[in-house]
Amino acid sequence: MRKIIASLFISLDGVVESPDKWSLDYWTDEIGEVIGDAMANSDAMLLGRKTYQGFAAVWPTVTIEQDPGADYMNNTRKYVVSNTLTSADWHNSTLLSGDLATEINKIKSENGGDIMTSGSATLVRSLLTHNVVDELNLLLYPVVVGRGQRLFDDNGAGRKMTLLRSNTFDNGVLNLVYTPAAGLG
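Since the model is a prediction, treat every value here as computed from it, not as a measurement. (Residues numbered from 1 in each chain as written. Predicted model: local features only at pLDDT ≥ 70, side-chain atom pairs only at ≥ 80, totals over all residues. Heavy atoms only, no water.)

Caption draft 1: View of the sheet that holds strand 7 (residues 161-168). With mixed pairing, the eight strands of this open sheet are ordered in space as 4-3-2-5-1-6-8-7. The strands lining the two open edges of the sheet, one partner per strand, are strand 4 (93-96) and strand 7. For this sheet, the mean inter-axis angle between neighbouring strands, taken without regard to orientation, is 25 degrees. Where strand 3 (residues 77-81) and strand 4 come together, four bridges link them in parallel fashion. Opposite V81, over in strand 4, you have L96 as the bridge partner. (Pairing = 2+ DSSP bridges. Helix = DSSP H or I, 4+ residues; strand = E, 2+ residues; numbered from the N terminus. Axes fitted to C-alpha atoms, helices over the stretch in contact; angles between N-to-C directions.)

What follows is the structure in structure tokens.
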């Protein structure tokens with residue numbers, strides 16, 4: 001069975017919104033390797049509407065010469081979760097609607113590699129609520145952003161996670177990989 005791997009950049013105060021405004025100063029080859037490994041192990045992306053629209057506005061014009069991730073971003077199967085979009089026109093995109101857990105479990109039961117989220121905090125919260133996330137990969141940056149969308153809001157139920165592995169990079173960024181704790185939800 002395929003796994004849902006939710007990947008996010010997160011600040012010390014839990015902000016996941018607009019990491020391009022606070023994470024770029026910390027970029028290293030080690031972080032690039034973490035992201036590259038996630039891409040190499042997945043053959044599909046699962047995106048919320050806002051992230052999809054942001055990506056679809058930029059990535060189709062980016063070449064592999066400009067960014068090595070362009071081929072992955074533009075050619076990988078993309079599943080878009082939205083109740084408001086009527087189409088998903090970016091190459092290789094499929095719009096998902098209806099019962100989220102049912103749709104995700106159908107995709108997970110198909111043959112293939114991991115299914116990676118990138119950003120999409122609202123979607124990740126919903127996936128966690130529906131118990132369909134297999135791994136939560138956080139790149140924790142040593143910065144306090146102060147305001148912005150957080151991964152967990154005030155309605156976050158007491159959800160326990162088990163740390164699978166962690167790495168500390170020289171720049172202070174932590175790579176934390178969690179899985180939902182067995183029997184808890």
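Caption draft 2: Inspection of the pairing of strand 7 at higher detail. Of the pairings in the sheet, the one linking strand 7 to strand 8 (residues 174-180) comprises seven bridges and is antiparallel in character. Paired with M161 across the two strands is P180, which belongs to strand 8. Turn length for the strand 7-strand 8 hairpin, with the two strands adjacent in sequence and antiparallel, is five residues, and the turn residue G172 shows positive phi of about 95 degrees.

Caption draft 3: Region of the structure containing the packing of aromatic side chains. Summed over the entire model, instances satisfying the criterion amount to four aromatic pairs. An angle of 45 degrees between the planes, with centres 5.3 Å apart, marks the rings of F9 and Y141 as tilted. Within this pair, whereas F9 is found in strand 1 (residues 4-11), its partner Y141 is found in strand 6 (residues 135-141), the two being separated by 132 residues in sequence. Seen in terms of ring centroids, Y26 and Y141 are 5.8 Å apart; in terms of plane orientation they differ by 70 degrees. Their pairing is edge-to-face. Taken together, the residues span a long stretch of sequence, with Y26 in the loop between strand 1 and helix 1 (29-41) and Y141 in strand 6 at a distance of 115 residues. The lysine or arginine in question, K78, covers the ring of W90, its NZ or CZ lying 4.4 Å from the ring centre. (Phe/Tyr/Trp six-rings, centres within 6.5 Å; stacked < 30°, edge-to-face > 60°. Lys NZ or Arg CZ within 6 Å of the ring centre and 35° of its normal.)

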